Amino acid sequence: YFNIFIFFLIHLISTLYFLLDSKTPSDSQIILLQNLGVSSNPMILIKKPWSIITYMFTHFDIFHGFFNLCYLYFGGKIFIDYLSQKKLLHTYIMGGVTGYVFYLFSLNIFPVFDYMNENTIVLGASASTLAILIASATYVPNLSVNIIWLNSIKLKHIAIILIIIDLLSIINGNPGAHIAHIG
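Definitions and cut-offs
Residues numbered from 1 in each chain as written. Predicted model: local features only at pLDDT ≥ 70, side-chain atom pairs only at ≥ 80, totals over all residues. Heavy atoms only, no water. Helix = DSSP H or I, 4+ residues; strand = E, 2+ residues; numbered from the N terminus. Buried < 20%, exposed > 50% of the residue type's maximum accessible area, 1.4 Å probe, protein only. Contact = heavy atoms within 4.5 Å. Areas by Shrake-Rupley, 256 points an atom, 1.4 Å probe, with all protein chains shown as cover. Lys, Arg positive; Asp, Glu negative; His and termini not counted. Charge placed at Lys NZ, Arg CZ, Asp CG, Glu CD. Pairing = 2+ DSSP bridges. Expected span 1.5 Å × (residues − 1). Axes fitted to C-alpha atoms, helices over the stretch in contact; angles between N-to-C directions. Parallel < 35°, antiparallel > 145°, perpendicular 65-115°, else oblique. Left-handed = near helix turned anticlockwise from the far one by under 90°. Nonpolar A, V, L, I, M, F, W, Y, C, P; charged D, E, K, R; others polar.

**Q** Help me understand the overall build of the chain, please; the structure alone is not making it clear to me.
**A** A tally of helices and strands in the chain yields nine helices and four strands. Along its sequence from the N terminus, the chain presents helices and strands in the succession α-α-β-α-α-α-α-β-α-β-β-α-α. The dimensions of the chain, computed from C-alpha atoms along their principal axes, are 55 × 40 × 30 Å. Here the chain, with 183 residues, has 39% of them falling under the buried criterion. Contacts spanning at least 24 positions in sequence make up 65% of the contacts within the chain whose residues lie at least 6 apart. Within the structure as shown, the chain displays about 11000 Å² of accessible surface, and the carbon and sulfur contribution to it stands at 71%. In the chain, 8 side chains carry a positive charge and 7 a negative one; their mean positions are 17 Å apart.

Shown next, in the form of structure tokens:
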């Protein structure tokens with residue numbers, strides 16, 4: 001619910017700015033996203049420490065948010081059934097933090113990222129929701145789930161497929177995000 005709330009809040013505030021003619025929607029969205037998203041620059045992170053948490057609840061693109069919430073719903077139901085609801089938020093937060101750490105280190109280690117602005121903003125729950133799905137697959141790897149058009153597939157195979165997709169997608173665009181997913 002918090003992901004949905006933040007999404008609508010960003011778009012509602014942007015609409016209000018537009019209607020009041022004080023700023024264009026894109027300007028107000030940029031300001032909001034810069035304050036809610038986490039920077040790839042550690043010096044900016046020190047000035048905005050809350051952003052390491054808020055980034056994982058922030059989506060600007062509706063499809064990005066929708067697919068993350070689908071992962072969260074699918075993996076979260078399994079997680080709660082076999083682990084606990086208390087551990088769900090912990091796993092979500094730790095997955096997001098770990099994803100960010102992988103992203104931050106990859107930006108500073110791999111030469112391919114030298115072209116990037118040192119103040120790239122990271123948004124989205126992908127690392128968090130994938131952490132929940134992977135944790136579920138680690139705990140009950142042989143759990144069979146029914147997916148449209150595939151019938152029954154083991155949870156561990158879904159997790160492996162998602163990891164392979166991210167590994168193969170690193171060179172095809174948005175490599176930092178795919179590295180964060182793996183984190």
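**Q** Is there a simple way to explain the pairing of strand β4 (residues 151-154) in this structure?
**A** Along any regular strand, the residues point their side chains to alternate faces of the sheet. With four bridges connecting them, strand β3 (residues 144-147) and β4 associate as antiparallel partners. Bridging from a neighbouring strand, Ile147 pairs with Asn151 of β4.

**Q** What is the right way to read the side chain of Ser51 from this model?
**A** Among the structural elements, Ser51 can be located in helix α4 (residues 51-54). Beyond its immediate stretch of four places on either side in the chain, Ser51 contacts Asn35, Leu36, Gly37, Val38 and Leu45.

**Q** Would you mind going over helix α7 (residues 126-139) with me for this structure?
**A** Given 3.6 residues per turn, any residue in an α-helix points the same way as the ones three and four places further on. The end-to-end C-alpha distance of α7 is 20 Å, a good match for the 20 Å that 14 residues give at a rise of 1.5 Å each. Among all positions in α7, only Ser126, Ala127, Ser128, Thr129, Leu130, Ile132, Leu133, Ser136 and Ala137 are buried. For α7, the secondary structure elements touched by its buried residues are α5 (62-82), α6 (85-109), α8 (155-169) and α9 (175-182).

**Q** How should I be thinking about the packing of α5 against α6 in this particular structure?
**A** The relative placement of two packed helices comes down to the angle between their axes together with the axis-to-axis distance. Two numbers describe how α5 lies on α6: the axes approach to 9 Å, and their chain directions differ by 135 degrees. Taken as axis vectors, α5 and α6 run oblique relative to one another. Judged by the twist between their axes, the crossing of α5 over α6 is right-handed. Here α5 contributes Leu72, Gly76, Phe79 and Ile80 to the contact with α6, which in turn contributes Gln85, Lys87, Leu88, Thr91 and Tyr92.

**Q** Help me understand the environment of Ile46, please; the structure alone is not making it clear to me.
**A** Inspection of the secondary structure puts Ile46 in helix α3 (residues 42-47). Take Ile46: its relative accessible area is 61%, and that puts it in the exposed class. Considering only alpha carbons, one finds Ile46 and Asn146, 100 residues apart in sequence, at a separation of 44 Å.

**Q** I would appreciate a short explanation of the packing of α5 against α7 in the present structure.
**A** In the contact formed by α5 and α7, the axes pass within 8 Å of each other and the chain directions differ by 30 degrees. The angle between α5 and α7 places the two elements in the roughly parallel class. Crossing of α5 against α7: the hand is left-handed. Together, His64, Asn68, Tyr71, Leu72, Phe74, Gly75, Gly76, Ile78, Phe79 and Tyr82 of α5 and Ser126, Thr129, Leu130, Ile132, Leu133, Ala135, Ser136 and Tyr139 of α7 make up the contact between the two elements. Of the residues assigned to the contact of α5 with α7, the class counts are 11 nonpolar, seven polar and no charged.

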